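# Topology and contacts: notes
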Amino acid sequence: MAPAVSRRLRYLPLAIGAASLIAGFWTGLTRIGIALPDLGHLDAMHGALMISGFFGTLISLERAVALNRPFAYAAPALSAVGALALLFDAPMLAIVLFVTASAVLTFATGMILARLPTLFTAVLTLAAASWGIGTLAWLGGRPMGEVTGWWLAFLVLTIAGERLELSRLLAPSRWAQALFVVAIALIVAGAARGELASDSAPLTAVGYLACTAWLVVHDIARRTVRQSGQTRFSATCMLAGYFWLGVTGLYLLVSPPVAAAFAYDAAVHGIALGFVLSMVFGHALIILPAVTGVAVRYHPAVYGALALLHLSVALRIVSDFFEWVGPRAASGPLTIAALLVFALTVAVASLKGRADGRPRNAQTQPAAKS
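First, a word on what this report is: a plain description of the structure on this page. (Residues numbered from 1 in each chain as written. Predicted model: local features only at pLDDT ≥ 70, side-chain atom pairs only at ≥ 80, totals over all residues. Heavy atoms only, no water.)

### Quick look at the layout of surface pockets
The gaps left among the atoms become clear once a water-sized probe is rolled over them. To keep it simple, the criterion reads: The way it works is a 1 Å grid over only the protein atoms, where trapped points that fit a 1.4 Å probe form a cavity and open points with protein on both sides within 12 Å along at least five of seven lines form a pocket, and then any residue with an atom within 4 Å of a point lines it. Grid points are joined across faces, edges and corners, and a volume is the space filled by probe spheres set on the points. Helix and strand definitions here come from DSSP, where helices need a minimum of 4 consecutive H or I residues and strands a minimum of 2 consecutive E residues; each element is numbered from the N-terminal end. Gly falls in the polar group here, along with every residue not listed as nonpolar (Ala, Val, Leu, Ile, Met, Phe, Trp, Tyr, Cys, Pro) or charged (Asp, Glu, Lys, Arg).
Within this model, the largest pocket holds a volume of roughly 1,200 Å³. Taken together, 43 residues line the largest pocket, and the ones lying closest to its centre are Leu21, Phe54, Val280, Leu288 and Leu339. Taken together, the elements giving at least two residues each to the lining of the largest pocket come down to helix 1 (3-31), helix 2 (46-67), helix 6 (144-167), helix 11 (263-292) and helix 13 (325-356). It is helix 1 that provides the largest number of residues to the lining of the largest pocket, a total of 11 residues. Of the residues assigned to the lining of the largest pocket, the class counts are 34 nonpolar, five polar and four charged. Its boundaries defined by the atoms lining it, the second largest pocket holds a volume of some 560 Å³. Together, 30 residues line the second largest pocket, and Arg31, His46, Gly47, Val268 and His269 are the ones closest to its centre. For the lining of the second largest pocket, the elements supplying multiple residues, two or more each, are helix 1, helix 2, helix 6, helix 11 and helix 13.

Printed below as a string of structure tokens:
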């Protein structure tokens, strides 16, 4: 298959993932009290739409492109069809498809582990398996907090594993790697104990805090943030995301998931919005060209979108802690506004760059993730 045709085929799972994201945000807004038309069965699918439908599809597609093996594309394809099944009210089919997508992703990542037996490939394989374990827990009727614990482990371990790969440039010591293993083990143990569905979450909390400490000390973003342009922006997104990972760990120690009205909400969105979405902002200008072949350009105005995103997360977390219903509801539209501002800024900068005839990413020429 010609490379151009192959790239165009990648647009389909991206489009379905985007539709899942839109539906997920829509249902999220209704759940925090924004008056919107009812989407019926989708109201109960908010978490699945966001984590499996959007993040699962996106991560699977990025991994398939990196692996460059035809079978690996089965994972984003299955995940995208699973998202469609959710949208068209076929949750059981969606579960089967998401579990299968996770199995393919785990196998594909496991192939990398077999060829390159390193700590980061092991963590990425464990992350992929966590997605499937959480989805199987959903199939088994387990409390949604247990399911979400595994899904969040999927996201946190994926990002931590990728950052560990880049940290090899700084050659972390054996002790540093041991601390990383402890942090990952605590997060997985917390998920296995179903801590997000209980009145205490010590392992998850300490795992998040240990992972934060490791990333802040050993991540290459500490150095690249001193550079300029897109490289500095990407590093800023990383460091800002680590802040929310740490805040979530502290929050779980002070206010466990079922101990207060909105404690579970704060834990989930501290990770999904504050940590993970900040990573998406930081990597989007690198991932999109690699996946689609479409040139996109950096513009300093994206810092406005990033600031708006973290303002919305701060408002949500603080409102959850003090049980402020009104400000909590206001945080949702702010998050969506941040996404729209980011997308619009990148689109305008890219179109203007093409009109000016400038080479792609002329301001920074980044070669890899920062």
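### Quick look at a nonpolar patch on the surface
The test is simple: Think of a patch as exposed residues, more than 30% relative accessible area, with no salt bridge, where like charges cluster within 9 Å and nonpolar side chains (Val, Leu, Ile, Met, Phe, Trp, Tyr) cluster within 5 Å. Accessible areas in this description were obtained via Shrake-Rupley with a 1.4 Å probe; residue shielding takes into account the shown protein chains only. Just to be clear on terms, a salt bridge is a Lys or Arg side-chain nitrogen sitting within 4 Å of an Asp or Glu carboxyl oxygen.
Nonpolar side chains collect at one region of the surface, where Val206, Leu250, Leu253, Val254, Val318, Phe321, Phe322 and Trp324 lie side by side and expose about 750 Å² of accessible area between them. Among the secondary structure elements, those contributing two or more residues to the nonpolar patch are helix 10 (229-254) and helix 12 (302-322). Assignment of secondary structure puts Val206 in helix 8 (residues 202-218).

### Concerning the packing of aromatic side chains
How we decide: Two rings from Phe, Tyr or Trp (for Trp, the six-membered ring) form a pair when their centres sit within 6.5 Å of each other. Planes less than 30 degrees apart are called stacked, planes more than 60 degrees apart edge-to-face, and all others tilted. Only protein chains enter the accessibility calculation, which uses a 1.4 Å probe; a residue is then buried when its area is under 20% of its type maximum, exposed when over 50%, and partly exposed in between.
Using the criterion set out here, one finds 15 aromatic pairs in the structure. When the ring of Phe233 is compared with that of Tyr303, the centres are 5.1 Å apart and the planes differ by 85°; the resulting orientation is edge-to-face. Taken together, the residues Phe233 in helix 10 and Tyr303 in helix 12 connect sequence positions 70 residues apart. The exposure class assigned to Phe233 is buried, which follows from its relative accessible area of 1%. Owing to a relative accessible area of 28%, Tyr303 belongs among the partly exposed residues under this scheme.

### Describing the packing of helix 2 against helix 3 (residues 74-87)
Helix-helix packing is described using two parameters, namely the angle between the two axes and the distance between the axes. Which entries qualify depends on this criterion: For helices, the fitted line uses only the C-alpha atoms of the stretch in contact; every axis is such a line through C-alpha atoms, and the angle between N-to-C directions lies from 0 to 180 degrees. Any angle that falls under 35 degrees is termed roughly parallel, while one over 145 is termed roughly antiparallel, one within 65 to 115 roughly perpendicular, and all others oblique. Left-handed is the label given to a crossing in which the near helix is rotated counterclockwise from the far helix by less than a right angle, and right-handed is the label when the rotation is clockwise. Note on contacts: a residue pair is in contact if any heavy atoms of the two residues lie within 4.5 Å.
In contact at an axis separation of 8 Å, helix 2 and helix 3 are set at 160° when each is read in the N-to-C sense. Judged on the interaxial angle alone, helix 3 and helix 2 are roughly antiparallel. Where helix 2 crosses over helix 3, the two elements pack in a sense that is left-handed. Where helix 2 approaches helix 3, its residues Ala48, Leu49, Ser52, Gly53, Gly56, Thr57, Ser60, Leu61 and Ala64 are matched on the opposing element by Ala75, Pro76, Ser79, Ala80, Ala83, Leu86 and Leu87. For the contact of helix 2 with helix 3, the residue count by class is 10 nonpolar, six polar and no charged.

### Remarks on the side chain of Arg328
Our working rule: In protein, a polar contact means a hydrogen-donor-capable atom and an acceptor-capable atom, both N or O and within 3.5 Å, with residues adjacent in sequence counting only if both atoms are side-chain atoms; elsewhere, any N or O pair within 3.5 Å suffices.
Looking at the element boundaries, Arg328 is found in helix 13. On the basis of relative accessibility, which here comes to 10%, the residue Arg328 falls in the buried class. A polar side-chain atom of Arg328 sits 3.1 Å from a polar atom in the side chain of Asp265. If we ignore the near neighbours within four places in the chain, the residues touching Arg328 are Arg31, Ile32, Phe262, Asp265, Arg316, Ser319 and Asp320.

### Some details on the side chain of Thr345
Residue position: Thr345 is located in helix 13. Relative accessible area serves as the criterion here: at 16%, Thr345 is assigned to the buried category. Within the structure, Thr345 has its side chain in polar contact with the backbone oxygen of Val341 (distance 2.7 Å). What Thr345 contacts, discounting residues up to four positions off in sequence, is His299, Ala301 and Val302.

### Digging into the pattern of salt bridges
Summed over all chains, the structure comprises six salt bridges. A salt bridge links Glu146 to Arg142; the shortest N-O distance between them is 3.0 Å. Since its relative accessible area comes to 18%, Glu146 is described here as buried. Judged by relative accessible area, Arg142 falls into the partly exposed class, the value being 45%. A salt bridge links Arg316 to Asp265; the nearest nitrogen and oxygen atoms lie 2.6 Å apart. Note that Arg316 is positioned in helix 12 and Asp265 in helix 11, a separation of 51 residues in sequence. There is no split in this pair, since Arg316 and Asp265 are both buried. Connected through shared salt-bridge partners, Asp265, Arg316, Asp320 and Arg328 make up one network.

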